Amino acid sequence: MSYSELMDWQSVFEDVNCVRALLYLAKYNPNTQTMDLQKTLSLNSNELDVVLNKLINAKLVFFKDDSLTLKDSALIALDNFVNLTGLTKKAVLA
Amino acid sequence: MSNIKKKLQAEISDDLFSEMRIPAVSAAVDLIKKDHKRKINLLKSYPGILLLGDWYDQEINLDFFNSVKQKLIQNNCNAFTLDDIRTELKRTKKPIDAIEIRKRGLDNAAIVLLVDGNGRGTVAETTEICNKQQWNNKCLVFVAEKDLGAGEHKSYLKRFKTPLIYYRDVNDLEKLLIRHSLDALERWLVQVINHDK
């Protein structure tokens with residue numbers, strides 16, 4: 001992975017809306033409509049654009065006909081994120 | 001992969017997407033940011049990779065080594081050549097001795113990436129490295145594929161402890177040097193993090 005790719009990934013995993021989007025896509029993949037994502041996460045158009053740009057730049061998703069599918073690399077990265085932060089456990093306990 | 005997908009689908013509850021859960025996601029992101037900062041700080045203490053080899057080849061010259069070094073530094077991987085040590089010593093106005101420069105580089109480096117060449121000093125230099133176990137152990141040697149089966153005049157290569165790494169051309173060599181450097185850095189980082197735990 002090149003340095004710029006690493007930076008693209010970092011900008012995704014350091015952005016709360018991107019992480020929420022990844023969680024949603026992991027739950028409802030493949031071919032998740034961007035409109036469903038926007039509605040469920042209550043994102044405005046600008047926020048959605050930022051999320052989509054970051055995910056696409058980091059090559060974590062396939063984007064076709066207004067729908068998103070997570071790549072395998074994104075699933076692995078998200079799994080690492082969840083394991084490292086215990087995010088899903090906190091959500092259950094809270 | 002389907003196992004990871006199933007696991008995540010089971011773990012991620014629908015309520016995690018609600019606005020009320022944003023603080024939980026935000027806290028997780030903050031943890032990642034902290035972890036990243038810690039790793040970047042740790043990387044600053046990496047002893048570095050010594051890029052060693054003949055500089056007099058038409059393609060594999062000092063410019064080539066400097067270009068690989070820059071790419072590694074851009075990837076937060078400290079790297080240096082003997083020329084850097086020479087420059088540093090010049091600055092401190094200490095007497096400059098080629099043997100001392102090489103010794104300092106070999107002692108200080110976490111690993112040494114040695115590109116085999118055909119220069120006059122190659123045999124003497126590699127013999128010196130092979131004779132010292134501590135240097136030999138941390139040396140990865142890159143040899144041109146055209147030198148495969150080069151015969152007796154390359155017999156010194158047999159004395160290295162790690163398996164030789166063969167490259168096709170200068171582009172292949174660059175990729176291999178970067179990959180092996182980053183792999184070594186990652187191993188070092190894991191070791192340091194585990195040691196800190």
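Residues numbered from 1 in each chain as written. Chains lettered and ligands numbered in written order. Predicted model: local features only at pLDDT ≥ 70, side-chain atom pairs only at ≥ 80, totals over all residues. Heavy atoms only, no water.

1. What about the overall build of chain A?
For chain A, the count of helices and strands is 6 helices and 3 strands. When the helices and strands of chain A are placed in sequence order, the string is α-α-β-α-α-β-β-α-α. Here chain A has roughly 4,700 Å² of accessible surface; of this, 53% comes from carbon and sulfur atoms. (Helix = DSSP H or I, 4+ residues; strand = E, 2+ residues; numbered from the N terminus. Areas by Shrake-Rupley, 256 points an atom, 1.4 Å probe, with all protein chains shown as cover.)

2. Side note on the pairing of strand E3 (residues 111-115) of chain B
Residue and element names in this part refer to chain B. Within E3, 5 of the 5 residues are buried, which leaves the element mostly enclosed by the surrounding structure. Burial of E3 is two-sided: the residues Ile111, Leu113 and Val115 facing one way and the residues Val112 and Leu114 facing the other way are all buried. Pairing geometry for strand E1 (residues 49-53) and E3, over 5 bridges, is parallel. Directly across from Leu52, in E3, lies its bridge partner Leu114. Pairing of E3 with strand E4 (residues 139-144), which is carried by 4 bridges, proceeds in the parallel orientation. If you follow Leu113 over to E4, its bridge partner there is Leu140. (Buried < 20%, exposed > 50% of the residue type's maximum accessible area, 1.4 Å probe, protein only. Pairing = 2+ DSSP bridges.)

3. Observations regarding the environment of B:Leu189
All names here are of chain B. Mapped onto the fold, Leu189 is located in helix H8 (residues 170-196). Here Leu189 falls in the buried class, since its relative accessible area comes to 13%. Counting along the chain gives 146 residues from Leu189 to Leu43, while the straight-line C-alpha distance between them is 7.4 Å.

4. Structural notes on the packing of aromatic side chains
Enumeration over the complete set of coordinates arrives at 7 aromatic pairs over all chains. Residues A:Tyr28 and B:Phe17 carry aromatic rings whose centres are separated by 6.3 Å and whose planes lie at 55° to one another, so their mutual orientation is tilted. Of this pair, A:Tyr28 sits in the loop between helix H2 (16-27) and strand E1 (32-33) while B:Phe17 sits in the loop between helix H1 (2-11) and helix H2 (22-44), on two different chains. Since its relative accessible area comes to 34%, A:Tyr28 is described here as partly exposed. The interplanar angle of 65° and the centroid separation of 4.9 Å between the aromatic rings of B:Tyr46 and B:Trp188 together place this pair among those described as edge-to-face. Separated by 142 residues along the polypeptide, B:Tyr46 in the loop between H2 and E1 and B:Trp188 in helix H8 bring together distant segments of the chain. For the pair B:Tyr46 and B:Trp188, one class covers both residues: buried. Residue placement shows A:Lys71 over the ring face of A:Phe62; its charged tip is 5.0 Å from the ring centre. (Phe/Tyr/Trp six-rings, centres within 6.5 Å; stacked < 30°, edge-to-face > 60°. Lys NZ or Arg CZ within 6 Å of the ring centre and 35° of its normal.)

5. Digging into the sheet that holds strand E5 (residues 165-167) of chain B
Residues and elements named next belong to chain B. An order of E2-E1-E3-E4-E5 is seen for the 5 strands of this open sheet, with the pairing classed as parallel. One side of each edge strand has no neighbouring strand; the edge strands of this open sheet are strand E2 (79-80) and E5. Of the strands in this sheet, E1, E2 and E3 touch helix H3 (residues 62-74), which is tilted by about 165° from E1. (Contact = heavy atoms within 4.5 Å. Axes fitted to C-alpha atoms, helices over the stretch in contact; angles between N-to-C directions.)

6. Comments concerning the pairing of strand E2 (residues 61-64) of chain A
Residues and elements named next belong to chain A. One ladder, built from 4 bridges, connects E2 with strand E3 (residues 67-70); its direction is antiparallel. The residue of E3 that forms the bridge with Phe63 is Leu68. In this antiparallel pair of consecutive strands, E2 and E3, the connection spans 2 residues, and Asp65 shows a positive phi of 50°.

7. Digging into the interface of chain A and chain B
Listed by partner, the interface residues are 35 residues for chain A and 29 residues for chain B. For the chain A and chain B pair, buried surface summed over both sides reaches about 3,000 Å², with 66% attributable to carbon and sulfur atoms. Across the chain A-chain B interface, the total number found is 1 salt bridge. Note that B:Lys7 is salt-bridged to A:Asp79, the shortest N-O span being 2.4 Å. Between chain A and chain B we count 10 residue pairs in polar contact (both at pLDDT 80 or more) in total. Within the residue set of the side of chain A that touches chain B, elements represented by two or more residues are helix H1 (3-13), H2, helix H5 (72-85) and helix H6 (87-93) of chain A. In terms of residue class, the side of chain A that touches chain B is built from 20 nonpolar, 8 polar and 7 charged. (Buried area = accessible area lost by both parts, 1.4 Å probe. Salt bridge = Lys/Arg side-chain N within 4 Å of Asp/Glu carboxyl O. Polar contact = N/O pair within 3.5 Å; in protein donor to acceptor, adjacent residues only side chain to side chain. Nonpolar A, V, L, I, M, F, W, Y, C, P; charged D, E, K, R; others polar.)

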